[in-house]
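A structural walkthrough
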Amino acid sequence: MSSAFSAIRIIQPLPLNTTTTRSPEKPLFDPLKTTSSFLGSTARFCSTSLNKPSSASHLRRSAVVAVSDVVKDKKLNSNSSLSNLLLTKEEGLEVYQDMILGRAFEDMCAQMYYRGKMFGFVHLYNGQEAVSTGFINLLKKEDSVVSTYRDHVHALSKGVPARAVMSELFGKVTGCCRGQGGSMHMFSKEHNVLGGFAFIGEGIPVATGAAFSSKYRREVLKQADCDHVTVAFFGDGTCNNGQFFECLNMAALWKLPIVFVVENNLWAIGMSHLRATSDPEIWKKGPAFGMPGVHVDGMDVLKVREVAKEAIGRARRGEGPSLVECETYRFRGHSLADPDELRDPAEKAHYAARDPITALKKYMIENKLANEAELKAIEKKIDEVVEDAVEFADASPHPGRTQLLENVFADPKGFGIGPDGKYRCEDPKFTEGTAQV
Amino acid sequence: MLLHELLLFEALQEGLEEEMERDPRVCVMGEDVGHYGGSYKVTKGLATKYGDLRVLDTPIAENSFTGMAIGAAMTGLRPIVEGMNMGFLLLAFNQISNNCGMLHYTSGGQFTIPVVIRGPGGVGRQLGAEHSQRLESYFQSIPGIQMVACSTPYNAKGLMKAAIRSENPVILFEHVLLYNLKERIPDEEYVLSLEEAEMVRPGEHVTILTYSRMRYHVMQAAKTLVNKGYDPEVIDIRSLKPFDLHTIGNSVKKTHRVLIVEECMRTGGIGASLTAAISENFHDYLDSPIVCLSSQDVPTPYAGTLEEWTVVQPAQIVAAVEQLCR
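Reading guide: rules and limits
Residues numbered from 1 in each chain as written. Chains lettered and ligands numbered in written order. Predicted model: local features only at pLDDT ≥ 70, side-chain atom pairs only at ≥ 80, totals over all residues. Heavy atoms only, no water. Domains from an automatic or database assignment. Contact = heavy atoms within 4.5 Å. Buried area = accessible area lost by both parts, 1.4 Å probe. Salt bridge = Lys/Arg side-chain N within 4 Å of Asp/Glu carboxyl O. Polar contact = N/O pair within 3.5 Å; in protein donor to acceptor, adjacent residues only side chain to side chain. Helix = DSSP H or I, 4+ residues; strand = E, 2+ residues; numbered from the N terminus. Disulfide = S-S within 2.5 Å. Buried < 20%, exposed > 50% of the residue type's maximum accessible area, 1.4 Å probe, protein only. UniProt positions renumbered as here; feature names shortened; annotations may be inferred. Core = buried A, V, L, I, M, F, W, Y, C linked by side-chain atoms within 4.5 Å.

Interfaces are often sized by the amount of accessible area the parts lose when they come together. Residue and element names in this part refer to chain B. Here chain B is partitioned into domain 1 (3–186) and domain 2 (198–324). Computed from C-alpha atoms alone, the centre-to-centre distance between domain 1 and domain 2 is 26 Å. Taken together, the contact pairs 32 residues of domain 1 with 27 residues of domain 2. Between domain 1 and domain 2 the total buried area reaches about 2400 Å² when both faces are included, carbon and sulfur atoms providing 53% of it. Connecting domain 1 to domain 2 are zero salt bridges. Along the contact surface separating domain 1 from domain 2 lie 20 residue pairs in polar contact (both at pLDDT 80 or more). Taken together, the elements giving at least two residues each to the side of domain 1 that touches domain 2 come down to α6 (136–139), β6 (146–149), α7 (153–165) and β7 (170–175).

Structure below.
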């Protein structure tokens with residue numbers, strides 16, 4: 001644990017002084033922040049990271065490399081075998097497919113929303129796919145994932161069928177939550193997706209509880225092989241919330257098998273992270289509680305994957321929690337209702353150029369892991385999956401009146417005893433949903 | 001029937017321990033529940049017996065450890081969360097409302113939350129405003145939870161066991177001043193119903209509905225009333241949500257007069273909801289409007305005299321019955 005307190009080298013984001021949002025002339029930049037190394041950092045993301053691990057050194061065994069650096073490396077070393085690469089062809093195709101699914105699904109959501117098929121608050125994940133895929137692709141089915149309202153892609157990555165998610169968004173009975181949860185409450189017992197939460201921060205204690213269960217099973221129930229890990233996803237805004245800090249404390253205190261993943265997309269609706277946070281370097285807050293804190297380029301799925309391997313491995317071995325800050329970006333507004341007027345077009349363009357899907361595609365092709373045709377085939381397959389999901393959701397029925405009172409209580413005796421002495425739930429009108437409760 | 005004598009806090013502990021023995025998934029979480037044995041000794045000795053993970057001393061972070069209990073419940077454990085004082089659970093309102101109450105529904109029934117949230121509440125002896133709160137009135141609207149209040153060693157043990165065995169999230173309200181009540185309870189195992197009210201004293205003239213500590217003020221008033229020739233029927237409603245409309249209804253149909261005596265504040269308390277429920281369901285059987293005696297809508301004062309005037313006293317109950325039965 002001592003290394004958690006030593007200086008941790010972070011992977012610096014791409015030079016910040018090239019992005020106009022952070023320059024002193026722009027109104028969103030806070031001049032009080034000039035002394036922070038996070039802002040206006042002159043440290044460049046350089047190829048020395050090939051040799052030196054650029055994040056918590058005890059956390060990784062292999063150096064994390066930039067996609068572009070690997071490409072450079074490849075060109076220099078034409079005799080290198082495929083084993084130098086960060087993933088195999090099969091893994092690459094799987095990862096690519098997962099990210100394409102996330103992107104295509106969310107794009108379809110936008111279309112469906114504007115066509116009046118889904119309503120309310122819908123928060124899309126475009127641009128952040130590397131984080132979801134990077135982590136969840138490495139998990140087992142028994143591991144748990146907890147998310148926020150931006151949860152469609154986490155559910156999909158974890159294995160919830162696209163049909164079930166789309167139906168849920170359409171509010172149909174065939175949805176993963178019978179249409180009762182909606183966009184912000186994706187749950188799956190089968191795939192261990194523990195939600196889907198509307199209030200930021202409220203999912204983190206739930207994730208901590210799932211990790212606690214895992215430890216309890218191993219140590220109290222003596223299920224020696226129980227090594228389930230929980231991954232909690234949340235944003236930069238959440239990192240100023242009490243529940244975040246309280247759970248970092250408890251997770252480190254009891255060495256819970258959990259990974260806290262911060263999807264720092266720099267914006268909480270219209271509130272810039274830099275305007276809301278005294279020290280915007282979130283990864284630093286991990287060591288303050290006694291766990292490693294790592295910053296990683298969240299637009300690069302290979303880098304995220306390497307960090308995720310270490311963090312998940314740590315948790316699985318019983319070594320405790322980790323805090324991983326993924327620098328990422330959402331290409332769309334906070335939700336489909338957000339006009340997204342505050343973000344600088346230059347900032348958006350900067351991150352659009354770092355689209356994780358484009359980057360992976362380039363990597364796979366340049367390293368001969370796949371060719372254009374294979375990747376196109378995947379894209380076509382996913383298009384069909386998403387189309388099918390929409391058709392399925394469209395054709396599914398809306399919930400009937402009888403569904404209204406179901407699931408309020410696991411044990412419907414909780415509705416109490418009626419004037420006639422019988423439990424309310426025994427009233428035949430109860431199932432019709434017309435009973436007075 | 002073999003009986004043994006104990007105090008209310010011991011009865012709670014007995015119920016808790018029996019359930020922990022019976023099911024290894026039952027665990028306790030809260031501040032000072034472990035090594036300290038609980039601020040009111042309900043968990044005394046349990047950490048030594050079951051270990052620090054099963055009787056978990058938490059940091060002072062109510063919202064987070066309540067949420068943690070919920071996450072643990074979703075993944076197969078059966079946690080009991082102790083609020084050192086129920087008032088502290090105001091910090092956990094986010095988790096209790098959104099996750100405890102709602103998750104079973106929003107997940108389409110996939111996840112159950114078999115948590116028990118318990119702790120001492122109510123007006124004590126000059127504990128000051130913040131330590132004298134009645135959270136049952138704040139929590140009652142949350143859909144998906146059940147609320148019960150214990151008042152005797154017998155029902156404390158029975159309700160504790162029932163709450164732990166229930167698949168629903170249950171909030172068990174104990175009272176700071178009742179922990180040292182003594183009673184002889186059965187040796188044989190028993191579990192009470194979470195949804196049923198308790199007939200304390202059958203009668204003919206008036207139905208007095210009460211719960212928790214006010215039961216004792218009512219019984220004290222009942223002595224005076226009997227001497228004056230009245231015959232009150234006293235029911236301890238026990239189940240604050242949902243109400244046992246059968247027991248209550250049968251009583252109303254018999255006496256035609258209802259007096260509610262509660263410790264909640266006048267505004268928005270359990271009494272207010274009970275008044276509405278009785279009006280709706282049994283209006284035809286009432287000979288006079290329902291009278292509800294509640295605490296004053298004031299933050300509980302520290303000064304002893306003021307505190308006494310905040311809560312309902314037996315003399316007021318006697319006067320109200322006399323008024324009702326005129």
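Residues and elements named next belong to chain A. Following the criterion strictly, the structure yields zero disulfides over all chains and no others. Left without a disulfide partner, C239 is nearest to the cysteine sulfur of C326, which lies 11 Å away. Overall, C239 belongs to the buried group, its relative accessible area being 1%.

When charged atoms on two side chains of opposite charge get close, those side chains can pair. According to the stated counting rule, one finds 47 salt bridges over all chains in the structure shown. Between K380 of chain A and E384 of chain A there is a salt bridge, and its shortest N-O distance comes to 2.9 Å. Here K380 of chain A pairs with E384 of chain A, and both are found in helix α13 (residues 372–395), just four residues apart, close to one helical turn. Residue R165 of chain B is joined to E189 of chain B by a salt bridge in which the shortest nitrogen-to-oxygen separation is 2.9 Å. In this pair, R165 of chain B sits in helix α7 while E189 of chain B sits in the loop between β8 (182–186) and β9 (198–201), placing the two residues 24 residues apart along the sequence. In this structure R165 of chain B comes out as partly exposed when scored by relative accessible area, which is 29%. Here the salt bridges share partners, and the residues they tie into one network are E14, E18, E19, R22, K157, K161, R165 and E189 of chain B.

Within this numbering scheme, the UniProt entry marks residues 6–181 of chain B as carrying the feature "domain: Transketolase-like pyrimidine-binding" (unreviewed entry). Between the C-alpha atoms that bound residues 6–181 of chain B there is a distance of 8 Å. The span itself is 36% helix and 18% strand.

Turning to the nonpolar core, a few remarks are in order. Judged by nonpolar contacts, the single largest core of 129 residues is most densely connected at M166, F212 and F260 of chain A together with F139 and I278 of chain B. Element by element, the count of residues in this core is highest for helix α2 (residues 89–114) of chain A, at 12 residues. Setting aside residues up to four positions removed in sequence, F260 of chain A forms contacts with I204, T208, A232, F234, C247, L248, A251, M291, P321, S322, L323 and V324 of chain A.

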